[in-house]
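These are the residues of each chain, in order.
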Amino acid sequence: MSQLEWKNKTAVMEFILLGFGNDSKLHSLLFLIFLSIYIVTITGNISIIVLVMANRHFHTAMYFFIGNLSCLEICYSSNILPRMLLSYLDEDRSISFTGCFTQYYFFGCLAATECYLLAVMSYDRYLAVCRPLHYPVYMNGKLCLQLAAASWISGFLSNSILTFLISNLDFCGPNEIEHFFCDSFPIIKLSCSDTRVAGLATSIVAGICSLPPFLLTFLSYLSIIFVVMRIPSTTGRKKAFSTCSSHLIVVILFYWSILTVYVFPHYNTQISLNKIFSAFYTILTPLVNPLIYSLRNKEVKEALQKQASKLLYFRDFLS
């Protein structure tokens, strides 16, 4: 292509998020479903954060990291769902060039942060189960703050380079993104310039952000299983494993959906399937996290019941 022909190309100023189809009746149903999910996600995760901050019994390393995870899930959902809900209301699926890459930047940052944070939480459970006598010394307040800060900072730094590389690609049409949010591979697919460097950088950064945390998480739980299986009593094994079973469920849900989307080959026949699996880690995982940590945790359930009783008593007192 000559330089004159290239200059005559119209630069893409906005993208169209195709989402889950063009059926208006389906959009009404999806709006109600995603609105309900968003309300429950925000309410549940805020409840976890308030509970951890208000109850001194929860001022421990495990609940500190759970609070961080709940904060992350609020940001995760708020980065994607409000824009999607708005598109179902006004039937406008367009998103500006800047808005698309802003969404992608925060999505990538939060996804990387969640990988690191889940690894930190698995290390915390490893110390609690495998090194119980040294746990209070190792997992002190200062280390908890450092690990949480490192997770957030590393996550936000990791996606800065990718966002810069992909946003500087040339986009001259088409501008329809076969997804419900701005993600790296669907965006790169639309570029009309050489995408080899951006594609390679995406693979490298994705590997750095996901593989080491996944291996640390895997090794931590492998060690936990070996230690728990050596406990002679069945009651002791159940009690030891109950301290990390909730986190293990969250890890399985998150990595299962992530690996399905980003490791399996991307054929056109898999586009709809990839969108469904993407919904698992972007929409459903933030929803189920507070449910898992509350419904499977006796201490959290008791604390929630006490708070609910106090609110009911206060309401009756005012009336």
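Quantities reported herein were computed from a predicted structural model and do not represent experimental measurements.

**Regarding the overall build of the protein**
- Of the regular secondary structure elements, the protein holds 12 helices and 3 strands.
- Scored against the burial criterion, the 319 residues of the protein give a buried share of 43%.
- Here the contacts in the protein between residues at least 6 apart in sequence split such that 78% fall between residues at least 24 apart.
- A total accessible area of about 17,100 Å² is found for the protein, and carbon and sulfur atoms account for 68% of it.

**Side note on the UniProt feature "transmembrane region" (unreviewed entry) in the protein**
- Per the UniProt record, "transmembrane region" (unreviewed entry) is annotated on residues 29-54, 61-81, 101-123, 143-166, 204-228, 240-264 and 276-295.
- Between the C-alpha atoms that bound residues 29-54 there is a distance of 37 Å. The span itself is 100% helix and 0% strand.
- Taken end to end, residues 101-123 is 100% helix and 0% strand, and its two terminal C-alpha atoms sit 33 Å from one another.

**Digging into the environment of His 27**
- Summarising the element assignment, His 27 is placed in helix α2 (residues 24-54).
- In the structure, His 27 is positioned 61 residues away from Tyr 88 in sequence and 5.8 Å away in space, judged by C-alpha atoms.
- Beyond its immediate chain neighbours, meaning those up to four positions away, His 27 contacts Gly 21, Asn 22, Tyr 88 and Glu 91.

**Details of the sheet that holds strand β1 (residues 14-17)**
- Spatially, 3 strands are ordered β2-β1-β3 in an open sheet, and the strand pairing comes out mixed. The sheet is open, and its two borders are formed by β2 (94-96) and β3 (176-177), each paired with just one other strand.
- Summarising the sheet, β1 and β3 pair through 2 bridges and their orientation is parallel. Bridge pairing in β3 places Leu 17 opposite Ile 177.
- On top of the sheet, helix α4 (residues 97-130) reaches β1, β2 and β3; it is set at about 85° to β2, its chief contact.

**Section: the state of the cysteines**
- Tallied over the entire structure, the rule returns 2 disulfides.
- Each sulfur of the disulfide joining Cys 100 and Cys 182 lies 2.1 Å from the other. Judged by the sign of its S-S torsion, about -125°, the bond between Cys 100 and Cys 182 is left-handed. Taken together, the residues span a long stretch of sequence, with Cys 100 in helix α4 and Cys 182 in the loop between β3 and α7 (184-189) at a distance of 82 residues. Across this residue pair, the class does not change: Cys 100 and Cys 182 are buried.
- Sulfur-sulfur distance for the disulfide between Cys 172 and Cys 192 comes to 2.0 Å.

**Concerning α2**
- Look at α2: 44 Å from first C-alpha to last across 31 residues, which is about the 45 Å you get at 1.5 Å a residue.
- Listed as buried for α2 are His 27, Leu 30, Phe 31, Phe 34, Ile 37, Tyr 38, Thr 41, Ile 42, Asn 45, Ile 48, Leu 51 and Val 52.

**As for the pattern of salt bridges**
- Under the counting rule described, the total for this entry stands at 2 salt bridges.
- Here Arg 125 makes a salt bridge to Asp 124, at a shortest N to O gap of 2.8 Å. Each member of the pair, Arg 125 as well as Asp 124, carries the same accessibility label: buried.
- Of the charged contacts in the structure, one is a salt bridge between Arg 196 and Asp 194, with a shortest N-O distance of 2.8 Å.

**Considerations on the packing of aromatic side chains**
- Across all of its chains, the model carries 21 aromatic pairs by this definition.
- On the basis of an interplanar angle of 70° and a centroid distance of 6.4 Å, the ring pair of Phe 15 and Phe 101 is categorised as edge-to-face. Note that Phe 15 is positioned in strand β1 and Phe 101 in helix α4, a separation of 86 residues in sequence. Comparing Phe 15 with Phe 101, the two get one shared label, buried.
- Ring centres 5.1 Å apart and planes at 20° place the aromatic pair Phe 20 and Phe 180 in the stacked group. Separated by 160 residues along the polypeptide, Phe 20 in the loop between β1 and α2 and Phe 180 in the loop between β3 and α7 bring together distant segments of the chain.
- Given a relative accessible area of 24%, Phe 20 falls into the partly exposed group.

Scoring rules and cut-offs
- Residues numbered from 1 in each chain as written.
- Predicted model: local features only at pLDDT ≥ 70, side-chain atom pairs only at ≥ 80, totals over all residues.
- Heavy atoms only, no water.
- Helix = DSSP H or I, 4+ residues; strand = E, 2+ residues; numbered from the N terminus.
- Buried < 20%, exposed > 50% of the residue type's maximum accessible area, 1.4 Å probe, protein only.
- Contact = heavy atoms within 4.5 Å.
- Areas by Shrake-Rupley, 256 points an atom, 1.4 Å probe, with all protein chains shown as cover.
- UniProt positions renumbered as here; feature names shortened; annotations may be inferred.
- Pairing = 2+ DSSP bridges.
- Axes fitted to C-alpha atoms, helices over the stretch in contact; angles between N-to-C directions.
- Disulfide = S-S within 2.5 Å.
- Expected span 1.5 Å × (residues − 1).
- Salt bridge = Lys/Arg side-chain N within 4 Å of Asp/Glu carboxyl O.
- Phe/Tyr/Trp six-rings, centres within 6.5 Å; stacked < 30°, edge-to-face > 60°.

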